[in-house]
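Chains, contacts and geometry: an overview
Each chain, written out:
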Amino acid sequence: MHILFLFLDGVGLGADDPAHNPFAAARMPHLTGLLGGRRLLADTPRLETGRALFIPTDACLGVDGPPQSATGQAAILTGLNAPLLAGGHWGPKPNRTVAEIIERASLFRRLRDRGLEAGLLSGYPPRYFDAIQSGRRNYSAVPLAVVAGGYPLMTVDDIRAGQAFSADFTGAGWRRELKITDVPVYDPPQAGRRLAEAARRYQFAFFEHWLTDYAGHRGELADAAALLETFDAVLGGLLAAWDDAAGLIVITSDHGNLEDLSHSHHTRNPVPTIIVGRERAAFADGLRDLTGFAPAVLRLLA
């Protein structure tokens with residue numbers, strides 16, 4: 001059994017309003033096809049199609065205020081109600097309390113303790129490691145969970161080897177923004193196929209797509225819709241290459257943001273969870289909020 005966990009930062013279920021919600025405006029044929037013609041919108045109920053299960057998922061966890069990245073991601077990666085334990089939603093980076101929760105209960109740590117192969121398929125440029133080592137930058141929740149589990153973070157060499165991917169999946173952003181010109185660049189469907197191939201090396205593979213949250217804070221509808229259309233093309237390549245009998249694709253988020261560009265703040269909307277693969281019902285058993293993912297991963301991979 002293999003699980004590929006696609007984490008989309010800052011994606012909630014919003015209104016059917018193409019003026020403010022890029023999910024209502026973008027052309028996403030692969031995603032809507034996967035969901036039987038439905039879009040990722042607030043009025044889409046829990047449903048199952050021939051290949052996927054969709055679950056609107058609570059990101060608030062019984063705590064007042066808008067959910068934040070550090071505690072939301074900590075809940076996903078530990079199975080613990082991190083905002084409740086931390087005394088409130090917190091982010092974007094973990095404070096000491098949230099960091100201790102992640103270090104103590106990281107899903108990656110528990111997978112390693114069970115002798116399972118896990119990896120973060122997101123690559124990091126040299127300047128990221130320089131900033132961490134110098135103390136100018138702290139880990140966000142996802143890389144903290146990985147290093148707390150004893151797994152290495154992927155480098156530019158892993159991107160060059162096709163074993164890790166840039167945040168935009170294709171590598172184009174690294175060439176354009178970071179001026180690292182010797183990394184491979186894929187078209188979106190090719191990136192999806194490569195992602196499926198890389199994930200097969202692990203029993204649990206995780207990828208962090210943080211550009212969705214960034215686009216939500218920027219608030220530019222056309223840019224956000226273009227980003228979603230690229231993701232949809234990547235998803236098409238991934239679905240074409242994925243063996244549903246051998247593993248699961250799990251897609252979810254930590255809080256709402258991108259679905260309402262009428263403001264630049266996080267929302268309390270449910271987040272989407274999409275599970276693709278033969279064992280999707282077993283994974284989804286009891287999954288209602290962000291604390292349900294880590295137990296489901298451990299249950300299925302055990």
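Please refer to the structure higher up on the page.
First, a word on scope: everything that follows refers to the structure included in this document. (Residues numbered from 1 in each chain as written. Predicted model: local features only at pLDDT ≥ 70, side-chain atom pairs only at ≥ 80, totals over all residues. Heavy atoms only, no water.)

Among all residues except glycine, the phi angle is most often negative; among peptide bonds, the trans geometry is most common. Each neighbour pair has its own omega, and for Gly-91 with Pro-92 the value is 10°, a cis peptide bond. Among the structural elements, Pro-92 can be located in the loop between helix 4 (82-86) and helix 5 (96-105). Notably, Phe-169 is not glycine yet its phi reads approximately 75°, a positive angle. Here Phe-169 shows up in the loop between helix 9 (156-160) and helix 10 (172-177). (Helix = DSSP H or I, 4+ residues; strand = E, 2+ residues; numbered from the N terminus.)

Among the nonpolar cores identified, the biggest contains 55 residues, and Leu-4, Leu-6, Leu-121, Leu-195, Leu-238 and Ile-274 are the most heavily contacted of them. Examining the composition of this core, we find that nine residues originate from one element, helix 13 (residues 221-241), more than from any other. When neighbours within four sequence positions are excluded, Leu-4 is seen to be in contact with Leu-121, Leu-195, Ala-199, Ala-205, Leu-238, Trp-242, Leu-248, Ile-249 and Val-250. Within the second largest apolar cluster, 50 residues are counted, among which are Phe-7, Leu-153, Phe-204 and Val-250. (Core = buried A, V, L, I, M, F, W, Y, C linked by side-chain atoms within 4.5 Å. Buried < 20%, exposed > 50% of the residue type's maximum accessible area, 1.4 Å probe, protein only. Contact = heavy atoms within 4.5 Å.)

Applying the stated criterion to the full structure yields 15 aromatic pairs. Both rings, one in Phe-108 and one in Tyr-151, keep their centres 6.1 Å apart while their planes meet at 70°; by these two values the pair is edge-to-face. Note that Phe-108 is positioned in helix 6 (residues 107-113) and Tyr-151 in the loop between helix 8 (141-148) and helix 9, a separation of 43 residues in sequence. Of the two residues, Phe-108 and Tyr-151, both sit in the buried class. Here Tyr-128 and Phe-129 contribute two aromatic rings whose centre-to-centre distance is 5.7 Å and whose plane-to-plane angle is 90°, an arrangement assigned as edge-to-face. When its relative accessible area of 6% is taken as the criterion, Tyr-128 is described as buried. Grouping aromatic residues by their ring pairs yields a cluster made of Phe-5, Phe-7, Phe-108, Tyr-151, Phe-204, Phe-206 and Phe-293. In this structure, Arg-112 is placed above the aromatic ring of Tyr-151, and the distance from its NZ or CZ to the ring centre is 5.0 Å. (Phe/Tyr/Trp six-rings, centres within 6.5 Å; stacked < 30°, edge-to-face > 60°. Lys NZ or Arg CZ within 6 Å of the ring centre and 35° of its normal.)

Summarising the element assignment, Phe-293 is placed in helix 15 (residues 293-301). Residue class for Phe-293 comes out buried when judged on its relative accessible area of 1%. Residues Phe-293 and Leu-116, 177 residues apart in the sequence, show an inter-C-alpha distance of 17 Å.

Next up on the list: empty space enclosed by the protein. What the rule picks out here adds up to one cavity of 30 Å³ or more. There is about 40 Å³ of room inside the largest cavity. For the lining of the largest cavity, a count of residues per class yields six nonpolar, three polar and no charged. (1 Å grid on protein atoms, 1.4 Å probe; cavity = no way out; pocket = protein on both sides within 12 Å on 5 of 7 lines; lining within 4 Å. Points joined across faces, edges and corners; volume = space filled by probe spheres on them. Nonpolar A, V, L, I, M, F, W, Y, C, P; charged D, E, K, R; others polar.)

Listed as buried for helix 12 (residues 211-218) are Leu-211, Thr-212, Asp-213, Ala-215 and Gly-216. Next to the buried residues of helix 12 lie strand 1 (2-8), helix 3 (69-78), strand 5 (204-209) and helix 13.

For the rest of this paragraph, the subject is the pattern of salt bridges. Going through the model one piece at a time under the given rule, you end up with nine salt bridges. In this structure, Arg-51 and Asp-244 form a salt bridge, with 2.7 Å as the shortest nitrogen-oxygen distance. One end of the pair, Arg-51, is in the loop between strand 2 (47-48) and strand 3 (52-57); the other, Asp-244, is in the loop between helix 13 and strand 6 (247-252), and 193 residues separate them in sequence. You can call Arg-51 partly exposed: its relative accessible area is 24%. Three or more residues joined by partner-sharing salt bridges are found here, namely Arg-96, Glu-100 and Glu-103. (Salt bridge = Lys/Arg side-chain N within 4 Å of Asp/Glu carboxyl O.)

Geometric descriptors of this kind do not, in isolation, establish any biological role.
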